[in-house]
Amino acid sequence: MSNTIQRSVSRRSVFKLLAVTATVWGIAATQARAQTNPGPALLRIGYQKSAANLVIIKQQGWLEQRLPNTKVSWIEFPAGPQLLEALAVGALEFGLTGDSPPVFAQAAGKDLLYVGAEPPKPDSSALLVLGDSPLKTLPDLKGKKIAVQKGSSAHYLLVRAVDKAGLQWNDIQPIYLTPADARAAFERRSVDAWAIWDPFYAATELAIRPRVLATGRELASNNSFYLASRAFATEHTATLLALFEELTRADRFVQQKRPEAIKLIADFSGLDAGVVSLFLQRRPPSPVGPLSAATVADQQRVADAFHRLGLIPKPVLVAEIVWRPDFSRKSVS
């Protein structure tokens, strides 16, 4: 073998050895960080029955497998405002809500951060009337009693409906009720209409066949947001990113294994499989990641609308509480 060939082979061998050594060092460094920064000792997650991705993760035990040194606790809430109140007082680290609850929380001075988002779900909320209601169009809402959970995504849906109808907010009578109480009021005709989201929307649709006066498609994007305490978001960047990966994995499961997903969600939630199937049909593919500039702008429109109507006490700048990943931290999931 010539000296030139020998030198070439030698160089390749050295480069190969360096590459292998770097890989070994990288794995060792990752393992060392995992041992010294195993993630939070406790992770309390707030969710609602409509949180398909979170429910799948809970049922499959994926997060517990990925975070073996973390005690994961799951806490159910009837709506976003109650969930964010728990987050604000330190009873949760992470949770999912619709678009309006974070606006009310920020306006009230609650210390929390937007950390992630799912794509819009405009078909998953609606303004309902009973089948024999005389209300036919949005302008017919004038002077009517409309049930809605205050500070929920349906609250913004109703705000947009009133605006599209060419009415003023004081032209209607909002009746602030939780979803369960609102359905009871709706069925006994104590209110004229009901602004609501899935799966309550789907359950009512299948049970009593109401008429849809409008959906979010004509009115609001109906974005879903993941929020976290400031301490959790700033100290556990890698854990948050791991959460996003598992949530996106859960979304693929919902899209690709729909019958299994329906059964898992129905078994957990107690909802009828037909209800689960219907609300999943209205839910587009929903991978999870940090907020885009367009999503922040969309959410700012929600905040501005509530302030314009005097429904929150002060203007808020959504971007001020949007988390950006800090990859300089060494927390490891």
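All figures in this text were calculated on a predicted structure; none of them were measured in a lab.

Draft legend 1. A look at empty space enclosed by the protein. All chains considered together, the criterion is met by one cavity of 30 Å³ or more. Put simply, the largest cavity is a space of about 290 Å³.

Draft legend 2. The arrangement of the layout of surface pockets in detail. There is about 170 Å³ of room inside the largest pocket. When contributions to the lining of the largest pocket are tallied by element, the ones reaching two or more residues are α6 (153-164) and α14 (293-308). In terms of residue count, the dominant contributor to the lining of the largest pocket is α6 (five residues). Its residues assigned to classes, the lining of the largest pocket shows seven nonpolar, one polar and four charged.

Draft legend 3. View of unusual backbone geometry. Note the cis peptide between D198 and P199, where omega equals 5°. Among the secondary structure elements, P199 is positioned in the loop between β8 (193-197) and α8 (200-208). A positive phi angle is found at R209, which is not glycine, with a value near 55°. For R209, the location among the structural elements is in the loop between α8 and β9 (211-215).

Draft legend 4. Local environment of the pairing of strand β5 (residues 125-129). For β5, the buried fraction is high: five of the five residues fall into the buried class. When β5 meets β8, the two strands line up antiparallel, connected through four bridges. In the strand pairing of β8, L128 is matched with W194. Relative to β9, β5 runs antiparallel, the two being bridged by four bridges. Looking at β9, one finds that L128 is bridged to V212.

Parameters at a glance
Residues numbered from 1 in each chain as written. Predicted model: local features only at pLDDT ≥ 70, side-chain atom pairs only at ≥ 80, totals over all residues. Heavy atoms only, no water. 1 Å grid on protein atoms, 1.4 Å probe; cavity = no way out; pocket = protein on both sides within 12 Å on 5 of 7 lines; lining within 4 Å. Points joined across faces, edges and corners; volume = space filled by probe spheres on them. Helix = DSSP H or I, 4+ residues; strand = E, 2+ residues; numbered from the N terminus. Nonpolar A, V, L, I, M, F, W, Y, C, P; charged D, E, K, R; others polar. Buried < 20%, exposed > 50% of the residue type's maximum accessible area, 1.4 Å probe, protein only. Pairing = 2+ DSSP bridges.

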